[in-house]
Amino acid sequence: MDLISIDDLKDEQLDWLMAAADAYFVRNRNGAEVEPRLHGKSIITAFFEDSTRTLMSFEVAARRLGGQVTRLPVERSSMTKGESLKDTIWTLQAMSPSAFVIRHNEDGAVARIAGWTDVPVINGGDGAGQHPTQGLLDVATIRHKLGRIEGLKVAICGDIRHSRVANSTAALLKRMGAEVRLAGPAALMPAGHDGPDRIDEAIEHADVVMMLRIQRERLEAELNDAPGEYLARYGLTEDRVKRAAPQVLVMHPGPMNRGVEIADSVADGPRSIIRTQVEMGVAMRMAVLQLVTG
Ligand code: NCD
């Protein structure tokens, strides 16, 4: 199977992933040994866009389950000699991998790649499209902390327009019964949306607040924000956190722009579970690799 978007998952698969990731999370934290369920499997990672968390956690996850990982060094590959993406994938496919994990800066590119190969493809993020494993790990992290998703009020704030994280995480949260509130500056909201930015309203009594990075590399026009202006108007400051539920969970998929969408003291504060998201990222990718390689 391919995992291009959350919609590729049936309800039973989703339930299995949530339970398996939770079990791996606990075992990883305790340093417990895990069964080599990917023994004999080889995973190829090909990231045509930069990454720290997603790339490293997939590779750590595969190795922790006894799989072999080979990374395509994109900037040293024959693509610099003009080889096409399609020929690159055909070449890698001839090496008989058990799965590909692919990130690309164009919307829809990973789905296109999946159409060229019979090898299972996992989407590690495509442009402003989808990022299914981020959606899965975000929801699993909330579920791990609060024991449920149904009925929770979740605010996702910032650069919604360019965020594949917002697309995948919001879709999965809604599917599992949460109330999702999206808010951001008008210029960073999806096309067709205008009107007030409603950051403060979105955060009001929220059980979870997830902040997103301004993806300046995907902006059509400069924001021209003065230093400190974004944080004051739209960022998660200690004052804004007080609007949320007292036990609010503060999340961020990373990488953070500290002092822009989130204040340092909030990112490092007692309500932040940003590092727990990273831990769950490894656990969820262990579960996803196992599901996809059958
Ligand atoms: C995000 C991404 O690459 O989509 N990060 C991640 O995968 N954890 C968000 C971002 O780049 O801002």
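Student: Help me out: how do you make sense of the overall build of the protein chain in this one?
Tutor: When helices and strands are counted, the protein chain shows 11 helices and 8 strands. The burial tally for the protein chain puts 54% of its 294 residues in the buried class. Put simply, of all contacts in the protein chain between residues at least 6 apart along the chain, 74% involve residues at least 24 apart. Here the protein chain displays about 13,300 Å² of accessible surface, and carbon together with sulfur accounts for 47% of that area. With 35 positive and 40 negative side-chain charges, the protein chain shows a separation of 4 Å between the mean positions of the two kinds.

Student: So what exactly am I meant to see when it comes to the site of the ligand here?
Tutor: Within the structure, the ligand sits among Arg53, Thr54, Arg103, His131, Gln134, Arg164, Val165, Arg213, Gln215, Pro253, Gly254 and Pro255. Between an oxygen atom of the ligand and a side-chain N or O atom of Arg164, the distance comes to 2.7 Å. Pro253 is positioned with one of its backbone polar atoms (N or O) 2.9 Å from a nitrogen atom of the ligand. In the complex, the protein chains occlude 94% of the 310 Å² of accessible area that the ligand would expose alone. Under a 2 Å grid-point criterion requiring more than half of the atoms, the pocket assigned to the ligand is the largest pocket. For the shell around the ligand, the secondary-structure elements that each account for two or more residues are α2 (53-64) and α6 (164-175). Residue composition of the shell around the ligand, by class: 3 nonpolar, 5 polar and 4 charged.

Student: How should helix α5 (residues 132-146) be read in this particular structure?
Tutor: It helps to recall that an α-helix has 3.6 residues per turn; residues three or four apart then point in one direction. For α5, built from 15 residues, the straight-helix expectation of 21 Å at 1.5 Å per residue is met to within 8% by its first-to-last C-alpha distance of 21 Å. Counting buried positions over the 15 residues of α5 gives 11, a clear majority of the element. Turning to α5, its buried residues are Pro132, Thr133, Gln134, Gly135, Leu136, Leu137, Asp138, Val139, Ala140, Thr141 and Ile142.

Student: Which parts of the structure should I look at to understand the layout of surface pockets?
Tutor: The probe, sized like a water molecule, is rolled over the atoms to show the empty space still left. If you add up the space inside the largest pocket, you get close to 380 Å³. Around the largest pocket sit 21 residues that line it, and Arg103, Arg164, Arg213, Gly254 and Pro255 are the ones nearest its centre. When contributions to the lining of the largest pocket are tallied by element, the ones reaching two or more residues are α2 and α6. Split by residue class, the lining of the largest pocket holds 4 nonpolar, 9 polar and 8 charged. Taken together, 21 residues line the second largest pocket, and the ones lying closest to its centre are Met256, Ile274, Arg275, Thr276 and Val278. Elements with a minimum of two residues in the lining of the second largest pocket: α2, α5 and α11 (274-292). It is α11 that provides the largest number of residues to the lining of the second largest pocket, a total of 7 residues. Classifying every residue of the lining of the second largest pocket by side-chain character gives 7 nonpolar, 9 polar and 5 charged.

Rules and cut-offs
Residues numbered from 1 in each chain as written. Predicted model: local features only at pLDDT ≥ 70, side-chain atom pairs only at ≥ 80, totals over all residues. Heavy atoms only, no water. Helix = DSSP H or I, 4+ residues; strand = E, 2+ residues; numbered from the N terminus. Buried < 20%, exposed > 50% of the residue type's maximum accessible area, 1.4 Å probe, protein only. Contact = heavy atoms within 4.5 Å. Areas by Shrake-Rupley, 256 points an atom, 1.4 Å probe, with all protein chains shown as cover. Lys, Arg positive; Asp, Glu negative; His and termini not counted. Charge placed at Lys NZ, Arg CZ, Asp CG, Glu CD. Near = heavy atom within 4 Å. Polar contact = N/O pair within 3.5 Å; in protein donor to acceptor, adjacent residues only side chain to side chain. 1 Å grid on protein atoms, 1.4 Å probe; cavity = no way out; pocket = protein on both sides within 12 Å on 5 of 7 lines; lining within 4 Å. Sits in = over half its atoms within 2 Å of the grid points. Nonpolar A, V, L, I, M, F, W, Y, C, P; charged D, E, K, R; others polar. Expected span 1.5 Å × (residues − 1). Points joined across faces, edges and corners; volume = space filled by probe spheres on them.

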